[in-house]
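Listed below, chain by chain, are the residues.
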Amino acid sequence: ATDFGVSLAGAAAVASLYFLLYGLSQPVWGLCSDRFGRVRTMRVTLSAACVFGVLSCLAPTLELLVLSRALTGACIAAAVPSALVYVGDVVPFVRRQSVLTDLNAASALGITSAIGLGGVLAATVGWRAAFLLPALLAGALAVILSRLPEPPRASGHEGGLRVALRSRWGRRVLLLALVEGAALLGLLTYLAPAVESGGASPTQAGALVALYGVGLLLTSRVVKRLAGRVRPAGFLAVGSAALVLAYAAVAVSQAPVLVAAAALVVGSGWAAMHSTMQAWATEVVPEARATLVSLFAASLFVGSGVATAVLAPLAGGLRWGPLFSVGVALSVVFGIAATLGIARFDRRVELAV
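The paragraphs below set out a description of the structure included in this document. Chains are numbered independently. Their residues run from 1 in the order of the written sequence. For a predicted model such as this one, the threshold for reporting local features is a pLDDT of at least 70, and the threshold for listing and counting side-chain atom pairs is 80 or more; totals across whole chains, interfaces and linings nevertheless cover every residue. The basis for every side-chain value is the complete set of non-hydrogen atoms in the structure, without hydrogens or water.

Here L62 shows up in helix α5 (residues 62-76). Note on classification: 1.4 Å probe, protein chains only; a residue is buried when its accessible area is under 20% of the maximum for its type, exposed when over 50%, partly exposed between these limits. Judged by relative accessible area, L62 falls into the buried class, the value being 13%. Expressed as a C-alpha distance, the spacing of L62 and G321, which sit 259 residues apart in the sequence, is 28 Å. Contact definition: two residues touch when any of their heavy atoms are within 4.5 Å. Here L62 is in contact with F4, V6, G10 and V14, once residues within four sequence places are set aside. A run of DSSP states H or I qualifies as a helix once it reaches four residues; a run of E qualifies as a strand once it reaches two. Both are numbered from the N-terminal end.

Rendered as structure tokens:
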């Protein structure tokens, strides 16, 4: 915002459009994943994300930066959902949440490193380097994935989109993902600006918010141990309660110690909630798994993009209390709806068995 001479609300489009394109492109990658293969889809899109990430680093204007970030988001979007579908293809459901928890733990390491290192790079080398490094990593990953075997592709997915959307439970999971994305990623975007508005440097803000990844990583180990012994509804209830507590604290004060604690708790909430939602998404419509998972990711990031955009005026006015109060409300709504929903789904599955 400072370099381009615009408001914080104007610069927030760099994040909101990234999330929005990340979400909107998901159905496309789901269809490509079924047609061309999980690994091939990941490799091609990671290569394109590398190109657009480099363009982000070189963008001379805010308009070009927003465009290049949006295209980066659209391309990088294929990676995680394709990985989730890959797990669904090769791992039995009884072990799936445990494996997905490991996947989330790996993401936590990346998130923690990226947030912390991004703050250091922005304060020392400049914010452009924070866009360049993940672009180069995406390119390297596209090469490394050439050694990953492609799972057999099942036939009969031509009606996947229709099957996924006709499922009542599928639609419910997608709606919940929309709210989850708004509550988690949409609000997380503003933790660093909130603490910076109080005088913290980008390096300090990055280090504090990086505790999100630490919380996610540590709690994911607990979730993995408890998976199979604790009902999914229990994980969702605990995770959403953690978000309520975190956002309520930051709504009252944006002191560095509170923001650090909130980031840690939000990460813990994500670990408890999101692997549960992911496992649910991979099982709710098994005959259209790739399509449903892609729509799940689309809903998650469309929700985060919409929340980031809608809350931008509050952030621009430094009205952090009302902004994070919205996070409290979203977390309450998600927690009640998701906990009751997955409990009913589990009962239905048990009766079917």
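There's more to say after this.
This part takes up helix α7 (residues 93-124). Over its 32 residues, α7 runs 46 Å from end to end, which matches the ideal 46 Å to within 8%, given 1.5 Å per residue. Along α7, the residues classified as buried are R96, Q97, L100, T101, N104, A105, A108, G116, G118, G119 and L121. Where α7 terminates, the next one or two residues include G126, which has phi positive at roughly 130°. Each residue after the first adds 1.5 Å to the expected span of a helix.

A word on the nonpolar core. Nonpolar cores were defined as sets of buried Ala, Val, Leu, Ile, Met, Phe, Trp, Tyr and Cys residues, with membership established by side-chain atoms within 4.5 Å. If you look at the biggest cluster of nonpolar residues, it comprises 79 residues, and the most contacted ones within it are Y190, W280, L323 and F324. Examining the composition of this core, we find that 12 residues originate from one element, helix α15 (residues 256-284), more than from any other. Among all residues touching L323, those that are not within four sequence positions of it are L187, Y190, L311, L314 and A315. Counting 8 residues, the second largest nonpolar core, distinct from the first, contains V85, V87, V91 and L100.

Let's shift gears to helix α2 (residues 13-24). Between the first and last C-alpha of α2 there are 16 Å, a value that for 12 residues agrees with the 16 Å anticipated at 1.5 Å per step. For α2, the full list of buried residues reads V14, S16, Y18, F19, Y22 and G23.

Put simply, a patch holds well-exposed residues, over 30% relative accessible area, that have no salt bridge, with like charges counted together within 9 Å and Val, Leu, Ile, Met, Phe, Trp or Tyr side chains within 5 Å. Every accessible area reported is derived by Shrake-Rupley at a probe size of 1.4 Å, with residue values counting cover from the shown protein chains alone. Criterion for a salt bridge: a side-chain nitrogen of Lys or Arg within 4 Å of a carboxyl oxygen of Asp or Glu. Only four residue types enter the tally: Lys and Arg on the positive side, Asp and Glu on the negative side; His and the chain ends are excluded. Charge positions come from single atoms, namely NZ of Lys, CZ of Arg, CG of Asp or CD of Glu. A grouping of R168, R171, R344, R347 and R348 is seen on the molecular surface, where their side chains present a positively charged patch. Secondary structure elements with two or more residues in the positive patch: α10 (168-188) and α17 (320-352). When residues of the positive patch are assigned to their parent elements, the largest contribution, 3 residues, is made by α17. Among the structural elements, R348 can be located in helix α17. Note on R348: relative accessible area 41%, which makes it partly exposed.

As a further point, take unusual backbone geometry. Look at L318: it is not a glycine, yet its phi comes out positive at around 55°. Looking at where L318 falls in the secondary structure, it is placed in the loop between α16 (289-316) and α17. Among the residues examined, L318 registers a relative accessible area of 48% and is labelled partly exposed.

Note on geometry: axes are lines fitted to C-alpha atoms, helical ones only across the stretch in contact, with angles between N-to-C directions running from 0 to 180 degrees. Between helix α3 (residues 26-36) and helix α4 (residues 38-58), the shortest axis-to-axis distance is 7 Å and the interhelical angle comes to 130°. Overall, the two elements α3 and α4 adopt an arrangement that is oblique. When α3 is examined against α4, the residues W29, C32, S33, D34 and F36 are found in contact with a partner set consisting of R38, R40, T41 and T45. In what follows, roughly perpendicular refers to angles from 65 to 115 degrees, roughly parallel to angles under 35, roughly antiparallel to angles over 145, and oblique to any angle outside these ranges.

With respect to the helices and strands, the residue S220 is situated in helix α13 (residues 211-226). Sequence-distant contacts of S220, that is, excluding residues within four places in its chain, are made with T101, A105 and A271.

Geometry of aromatic contacts follows a simple scheme: Phe, Tyr and Trp rings, the Trp one being its six-membered ring, pair when their centres are within 6.5 Å, and the pair is stacked under 30 degrees between planes, edge-to-face over 60, tilted otherwise. Throughout the structure, instances matching the rule amount to 12 aromatic pairs. Ring centres 6.4 Å apart and planes at 50° place the aromatic pair W169 and W280 in the tilted group. Residue W169 is found in helix α10, and its partner W280 is found in helix α15; the two are separated by 111 residues along the sequence. Of the two residues, W169 and W280, neither departs from the other in class, the shared state being buried. Connected via pairs of aromatic rings, a cluster forms that spans Y18, F19, Y22 and F301. Charge over a ring is defined by NZ of Lys or CZ of Arg lying within 6 Å of the ring centre and within 35 degrees of the ring normal. Above the ring of W169, the side-chain terminus of R172 is found at 4.7 Å from the ring centroid.

Bringing the environment of A329 into the picture now. Position of A329 relative to the elements: it lies in helix α17. Distance in space between the C-alpha atoms of A329 and T112 is 26 Å, their sequence separation being 217 residues.

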